[in-house]
Amino acid sequence: MTEVPDPREDQRIRWLAADTIWWGGRLRAGVALRVGADGKVKPVPAEMAPADGTRRLPGTLLPGLVDAHVHSALVDLGTVRAGGIAAVWDLGGNPAAVAALATRAAAPAVSSLPRIRYAGPFLIAPGGYPSDRAWAPAGSWREIASETDAGAAVADAWSAGATLIKVTAHAGGPLLPQPVLRALVDAAHASGLPVVVHAEGPGTVTAAVEAGADILAHTPWTETLPDSLIRACASRMTWLSTLDIHGWGDPDPAREVAIGNLRRFVEQGGKVRYGTDLGNGPLPPGVNPRELRALRAAGLTPDEILTAMTEPDAPEITWVPGGLDLSPAAFADSLATARVLDDSVRPR
């Protein structure tokens, strides 16, 4: 017989129960969540949850949802969190401004902002993308002219709290020479930081792979990649999806190229993370059902999409009030009703 713990033993332990819980890659019934004093969440048999002291909700609970490509200066982060996104990756912004937002979001009394992981400034070739774009805020990029510059830029980003490094490779303008790109990757890896590359245009994905980059900021869309390059990417890289930036609900040819590349990448075992590039055009803040449908079109199952959107060790928990529907027809709209669970949530 399972021994039911006394909730009075440690008031810092919280217990949560719902009709269903999506955890560990599948939807489960008869499970509760134990939130430890350290914030770590663990699914356990429902009978372990004490009758008194367990918060019970209708619907489905799951790990906090993450958008792995956001530009905080270009969106209302409060609206993003209200739309069900518990955490974001800021992939290029003014480092001081982003760090201040991240500090606010991490404050215990603040529940209006998503948790922020950030890369600091875009690291670019002199005169390169996005320094030539009106949308890029002042201070959001740093020009890298040499291998020495590369090491200094990574060190400064790390000192400012960055846990990622963002580099641009845009064929429409000046490009970092391959030795400099490689120096950026080597310096980042020496500091334990993964490198995200904005690769746009012929030759840029190859440059990112050959430099040893870890993540592509977008699914490649400017051309259909050869099978050999898809295999090379799948063997060692993660791609952020960002499929809905192509047409914003009115699909254009670039979207079909991206979906085709992503489908082949996934078939080769490549790892995908959900990212929307929020700030780039009229994208819905919060969970984007159009991005979810595009991921389905690329061949990902609902369970695989949820795996791409969640970090099981994160402290946040998501609530779908009406229950998560994993059927292909209803999944996107079902997940778009998600809310970040906190003490302000009062189920009817």
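Parameters at a glance
Residues numbered from 1 in each chain as written. Predicted model: local features only at pLDDT ≥ 70, side-chain atom pairs only at ≥ 80, totals over all residues. Heavy atoms only, no water. Pairing = 2+ DSSP bridges. Helix = DSSP H or I, 4+ residues; strand = E, 2+ residues; numbered from the N terminus. Contact = heavy atoms within 4.5 Å. Axes fitted to C-alpha atoms, helices over the stretch in contact; angles between N-to-C directions. Parallel < 35°, antiparallel > 145°, perpendicular 65-115°, else oblique. Left-handed = near helix turned anticlockwise from the far one by under 90°. Nonpolar A, V, L, I, M, F, W, Y, C, P; charged D, E, K, R; others polar. Domains from an automatic or database assignment. Buried area = accessible area lost by both parts, 1.4 Å probe. Salt bridge = Lys/Arg side-chain N within 4 Å of Asp/Glu carboxyl O. Buried < 20%, exposed > 50% of the residue type's maximum accessible area, 1.4 Å probe, protein only. Arc of directions from axis to C-beta. Polar contact = N/O pair within 3.5 Å; in protein donor to acceptor, adjacent residues only side chain to side chain.

Trainee: I would appreciate a short explanation of the sheet that holds strand 15 (residues 271-273) in the present structure.
Mentor: Strand pairs in the sheet, formed through backbone hydrogen bonds, run parallel or antiparallel to each other. Taken in spatial order, the seven strands make up an open sheet running 10-9-11-12-13-14-15, and their pairing is parallel. Each edge of the sheet is formed by a strand with only one pairing partner; in this case those strands are strand 10 (141-143) and strand 15. Examined bridge by bridge, strand 9 (residues 122-124) and strand 10 share three bridges and lie parallel to one another. Of the residues in strand 10, the one forming a bridge with Phe122 is Trp141. Strands in contact with helix 4 (residues 178-190) are strand 9, strand 11 (165-170) and strand 12 (195-200); relative to strand 12, the strand with the most contacts, it is inclined by about 155 degrees.

Trainee: I tried to follow the packing of helix 5 (residues 204-211) against helix 6 (residues 227-236) on my own but got confused; where do I start?
Mentor: Angle between the axes and distance between the axes: these two values describe a pair of packed helices. The contact between helix 5 and helix 6 brings their axes to 11 Å, and the two run at 40 degrees. Classed by the angle they form, the pair helix 5 and helix 6 counts as oblique. Between helix 5 and helix 6 the crossing geometry is left-handed. Here helix 5 contributes Val205, Thr206 and Val209 to the contact with helix 6, which in turn contributes Leu229, Ala232, Cys233 and Arg236. A breakdown of the residues in the contact of helix 5 with helix 6 according to their chemical character gives five nonpolar, one polar and one charged.

Trainee: Looking at this structure, I do not really get the domain arrangement of the protein. What am I missing?
Mentor: Interfaces are often sized by the amount of accessible area the parts lose when they come together. Taken domain by domain, the protein holds domain 1 (10-62 + 316-341) and domain 2 (64-309). If you average the C-alpha positions of domain 1 and of domain 2, the two centres end up 29 Å apart. If you look at the interface, domain 1 gives 18 residues, while domain 2 gives 20 residues. Surface buried jointly by domain 1 and domain 2 totals about 1,600 Å² across both partners, of which 64% is contributed by carbon and sulfur atoms. In terms of surface lost to domain 2, no three residues of domain 1 exceed Glu316, Phe331 and Val340, which account for 35% of the buried area on that side. For the pair domain 1 and domain 2, the interface holds two salt bridges. Two residues, Arg115 and Glu316, come together in a salt bridge whose shortest N-O distance is 2.7 Å. The element that contributes the greatest number of residues to the side of domain 1 that touches domain 2 is helix 10 (residues 331-335), accounting for four residues.

Trainee: When you look at helix 9 (residues 302-309) in this model, what are you seeing that I'm missing?
Mentor: Considered for burial, the residues of helix 9 that qualify are Pro302, Ile305, Leu306, Ala308 and Met309. Down the axis of helix 9, the smallest arc covering the buried residues is 160 degrees, so these residues share one side. Looking at the buried residues of helix 9, the elements they touch are strand 1 (14-23), strand 5 (54-63), strand 6 (66-70), strand 15, helix 8 (289-297) and helix 10.

Trainee: Would you take a moment to explain the side chain of Ser334 for this structure?
Mentor: Its place among the elements puts Ser334 in helix 10. Of the residues examined, Ser334 reaches a relative accessible area of 12% and is grouped as buried. Of the polar contacts made by the side chain of Ser334, one reaches the backbone oxygen of Gly323; its length is 3.3 Å. There is a polar contact of 2.9 Å between the side chain of Ser334 and the backbone nitrogen of Asp325.

Trainee: Is there a simple way to explain the pairing of strand 6 in this structure?
Mentor: Every regular strand shows the same layout, with side chains that alternate between the two sheet faces. Among the five residues in strand 6, five count as buried, and that is most of the element. Relative to strand 7 (residues 87-90), strand 6 is paired through three bridges, and the arrangement is parallel. Bridge pairing in strand 7 places Val70 opposite Asp90.

Trainee: Any chance you could explain the sheet that holds strand 8 (residues 115-118) here in plain terms?
Mentor: Ordered by their spatial adjacency, three strands build an open sheet running 6-7-8, and the pairing between neighbours is parallel. With one partner strand each, in any of the chains shown, strand 6 and strand 8 form the two edges of the open sheet. Across this sheet, the average inter-strand angle for adjacent strands is 25 degrees, counted without regard to direction.

Trainee: Help me understand the environment of Ala199, please; the structure alone is not making it clear to me.
Mentor: Position of Ala199 relative to the elements: it lies in strand 12. The exposure class assigned to Ala199 is buried, which follows from its relative accessible area of 7%. Contact partners of Ala199, with chain neighbours within four places excluded, come to Ala169, Thr204, Val205, Leu216 and Trp221.

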